[in-house]
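# Fold and geometry: a report
Take a look at the letters that make up each chain.
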Amino acid sequence: MNFHKDPGDSLEPCKHMESMLNRTADGSAPKLMSWYARNHAAGCTRCGNFLTRVTALIGHLRQMKEPESDTAPVESLSKDRWDSIEASWVEAEK
């Protein structure tokens, strides 16, 4: 079933569906909303493409956010070291 006659290569979803599709993609939509959005996207090429792309993008961003297990944790600088760096910046700006 196709809901629209618009071209399917559009990057924009139906305006009334954009929020529901975004929430479905990031997992924050309630179950009924997610069901409705996925059902609509299954019949609407524009929304289907949008949901696929946004879901993939969110997945990639989440992977980038999570540190890899085989890397050492990032060490933070001590207050004394930050003070030294800031003093050097102030001196360089004079």
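What counts and what doesn't
Residues numbered from 1 in each chain as written. Predicted model: local features only at pLDDT ≥ 70, side-chain atom pairs only at ≥ 80, totals over all residues. Heavy atoms only, no water. Salt bridge = Lys/Arg side-chain N within 4 Å of Asp/Glu carboxyl O. Helix = DSSP H or I, 4+ residues; strand = E, 2+ residues; numbered from the N terminus. Buried < 20%, exposed > 50% of the residue type's maximum accessible area, 1.4 Å probe, protein only. Core = buried A, V, L, I, M, F, W, Y, C linked by side-chain atoms within 4.5 Å. Contact = heavy atoms within 4.5 Å. Disulfide = S-S within 2.5 Å. pLDDT = per-residue confidence, 0-100. Arc of directions from axis to C-beta.

## Remarks on the pattern of salt bridges
If you walk through the whole model with that rule in mind, you get two salt bridges. Between K15 and E12 there is a salt bridge, and its shortest N-O distance comes to 3.3 Å. K79 is the partner of D83 in a salt bridge, and the nearest nitrogen-oxygen pair spans 3.1 Å. Linking D83 with K79, this pair stays in helix 4 (residues 79-93), spanning four residues, or about one helical turn. We classify D83 as partly exposed; its relative accessible area is 34%. Here K79 falls in the exposed class, since its relative accessible area comes to 60%.

## Overview of the nonpolar core
Residues M17, L21 and C47 are the most contacted members of the largest nonpolar core, which totals 13 residues. Of all elements in the fold, only helix 1 (18-26), helix 2 (31-43) and helix 3 (45-65) reach the threshold of two or more residues within this core. Sorting elements by how many residues they give to this core places helix 3 first, with five residues. Not counting chain neighbours up to four residues away, the residues in contact with M17 comprise Y36, A37, H40 and C47.

## Concerning the state of the cysteines
Across all of its chains, the model carries zero disulfides by this definition. Not part of a disulfide, C44 finds its nearest cysteine sulfur in C47, a span of 3.7 Å. In this structure C44 comes out as buried when scored by relative accessible area, which is 1%. Cysteine C47 shares no disulfide, and the gap to the nearest cysteine sulfur, in C14, comes to 3.5 Å. Using a relative accessible area of 0% as the deciding quantity, one classes C47 as buried.

## As for the confidence of the model for the protein
Chain-level pLDDT for the protein is 84 on average; 79% of the residues reach the 70-or-more range. Confidence scores differ between elements of the protein, with helix 4 showing the lowest mean pLDDT of 84 and helix 2 the highest of 96.

## Regarding helix 1
Since there are 3.6 residues in each turn of an α-helix, residues three or four apart along the chain are aligned in direction. Residues of helix 1 that are buried include every one of M20, L21, T24 and A25, and no others. Along the axis of helix 1, the buried positions cluster into a sector of 130 degrees, meaning they face one direction only. Buried-residue contacts for helix 1 involve helix 2 and helix 3. Looking one or two residues beyond helix 1, the residue adopting positive phi is G27, at roughly 85 degrees.

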